[in-house]
Amino acid sequence: MLKKLQPLRNCALAVSATLMTMNLVQAQNLDKKVVTDKYMRNSVCMLMMEDASVPQKEILRDAFLNAELNNKYNNHNLKVRIMDPDQLQLTAQDEAAFNLACTTTDQYNELAKSGGPAPKQNFYNENMTQILRLIMAEMSQTVDTVIQLNAARMANKFIIEQGIAKQCVDKWFFDEQGQYSEALIEERGLLEASAAEIDIANASLAQHQKLLREKCDINELLGNTFVVVTRFSYKPKDGVIDDRLLPLEAAAQLDSSGQSAMGLKIAKMGIKASVGAGYYVTVDSYLFRLRWNEELTNEFYSLWNENGEFDREKYEASNLASLQFIGNERAWVRTKAGIFTDKSEEELIRLAAVDAVDEVLAKFERKYDQFKTKTPLYIREIEDKKGKMQRVYGARIGTRDGLTGGEVFEVLEKSIDTLENGTARINYKKKGELVVDKKHVWDNTFSTLKGGNVSTSENDMTILTGKDKNAYYEGQLLRMKTKK
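Quantities reported herein were computed from a predicted structural model and do not represent experimental measurements.

A. Spatial organisation of the overall build of the protein. Assigned secondary structure in the protein consists of 17 helices and 15 strands. For the protein, the proportion of its 484 residues judged to be buried stands at 49%. By sequence separation, contacts in the protein at least 24 residues apart represent 77% of the contacts at least 6 residues apart.

Next up, the structure:
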């Protein structure tokens, strides 16, 4: 007997004549594999750069510390959550360290061996540097301007001083009592192993290590560990407009041709039309990724002594942990105060803060391939108004993940390839593509209008369409395709 599903929460579905009833199709009847939410996904550590000059900073801090991370990511938060930029004074050494953080892992390893300096990084390009210098010469050097210019370097300095990279690695391998444990690795990675295999492996260190290597790719687990440093602001409409126009205005001053001035005039009209009245929570976020590869995995597995015990002292002396700077993004969310809601200003700020963080994470995923997540593919059958059953594809992601409709997802099939040395590596082979149905995007936003999370029912999801209704099966994964 097929179970009836509740209608999807997206308001467009309420008026859809084609989706009258939705039914869950038992996976064992239609598909090759049973879908599971336990799959390798990004593990994210969230840090906040607190600015004493920001209005409502206490509310923003509390909202950040108590926000529930989007469940498409593994929560990798540490005890350290807040950084104070006023306590950080940047030096030439910090700029050199940031240059090193911007290098690829291969470059980083070569520089570590040679001891040479990393190439200078124009994180803010020379034009932007010139623009900011011009602005700062004409007005007081505000905290906001200085932090905007140096925030990435400050974040990197804090990460190094606090040993955030090593703490991220520690979280993978040590429990809260500081004892070596593979519980997290097993929880997030050993998902293909049977209970019998795990029992056998638990009886032998060698068998356990062999099982880890065969059943999960530690390079992928640790290599998909990210740190996001976020700075909040709380500004009225005019402040948001000024932020967006600032580089354009400065560029117009530097351009004697007059073309930039004309572009600025057009941009002003567009931006003012797009920004509604009220106050906005804005976030500037900086994305870092834990460096991890086969070489580091091999080095990690060499940390056992002759008695088969993990050598903690050797581990502490090792240099396994570092973070690569990937890039930055900005997002802003209006609090919709006044006649639009009866919620208090404090509650609106809290909700907008969560929405803004979700939006900036979605921007990271769209912009950077390194941060693109995978999500399970679901199979559903719907009954149209004629009573005919139609097979469709779904995913438990939606507006909170930045979907608006029309996004293209690659369908991936996981395979485990055995290398020449006997170890295993996970690969994902593309089997086709699916497109998000614009009329059936699941509204799962933690929004200021709803006042909190929407239903977490397993029946809520976004519908995806493709040419062949029988080409894919549950157990495959979806990854957003980069727009070119």
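B. Quick look at helix α4 (residues 92-101). Where α4 is concerned, the buried positions are Asp 94, Phe 98, Asn 99 and Ala 101. When α4 is viewed along its axis, its buried side chains cluster within an angular range of 160° and face the same direction. Exposed residues on α4 whose side chains face more than 90 degrees from its buried face are Ala 92 and Gln 93.

C. Expanded view of the nonpolar core. Grouped together as the largest cluster of nonpolar side chains are 43 residues, with contacts concentrated most on Leu 222, Val 227, Val 229 and Phe 288. Apart from the residues lying within four places of it in its own chain, the contact partners of Phe 288 are Ala 152, Ala 155, Asn 156, Ile 159, Thr 225, Phe 226, Val 227, Val 229, Leu 323, Gln 324, Phe 325 and Ile 326. Of all hydrophobic cores here, the second largest spans 30 residues; its members include Met 46, Phe 64, Leu 69 and Ala 331.

D. Layout of the pattern of salt bridges. For the structure shown, the criterion picks out 23 salt bridges. Residue Lys 374 pairs with Glu 220 through a salt bridge whose shortest N-O separation is 3.3 Å. Here Lys 374, found in strand β9 (residues 374-376), pairs with Glu 220, found in helix α12 (residues 218-223); they are 154 residues apart in sequence, far enough to count as distant. You can call Lys 374 buried: its relative accessible area is 10%. For Glu 220, a relative accessible area of 12% puts it in the buried group. A cluster of three or more residues bridged by salt bridges with shared partners is formed by Glu 410, Lys 430, Glu 433, Arg 479 and Lys 481.

Analysis parameters
Residues numbered from 1 in each chain as written. Predicted model: local features only at pLDDT ≥ 70, side-chain atom pairs only at ≥ 80, totals over all residues. Heavy atoms only, no water. Helix = DSSP H or I, 4+ residues; strand = E, 2+ residues; numbered from the N terminus. Buried < 20%, exposed > 50% of the residue type's maximum accessible area, 1.4 Å probe, protein only. Contact = heavy atoms within 4.5 Å. Arc of directions from axis to C-beta. Core = buried A, V, L, I, M, F, W, Y, C linked by side-chain atoms within 4.5 Å. Salt bridge = Lys/Arg side-chain N within 4 Å of Asp/Glu carboxyl O.

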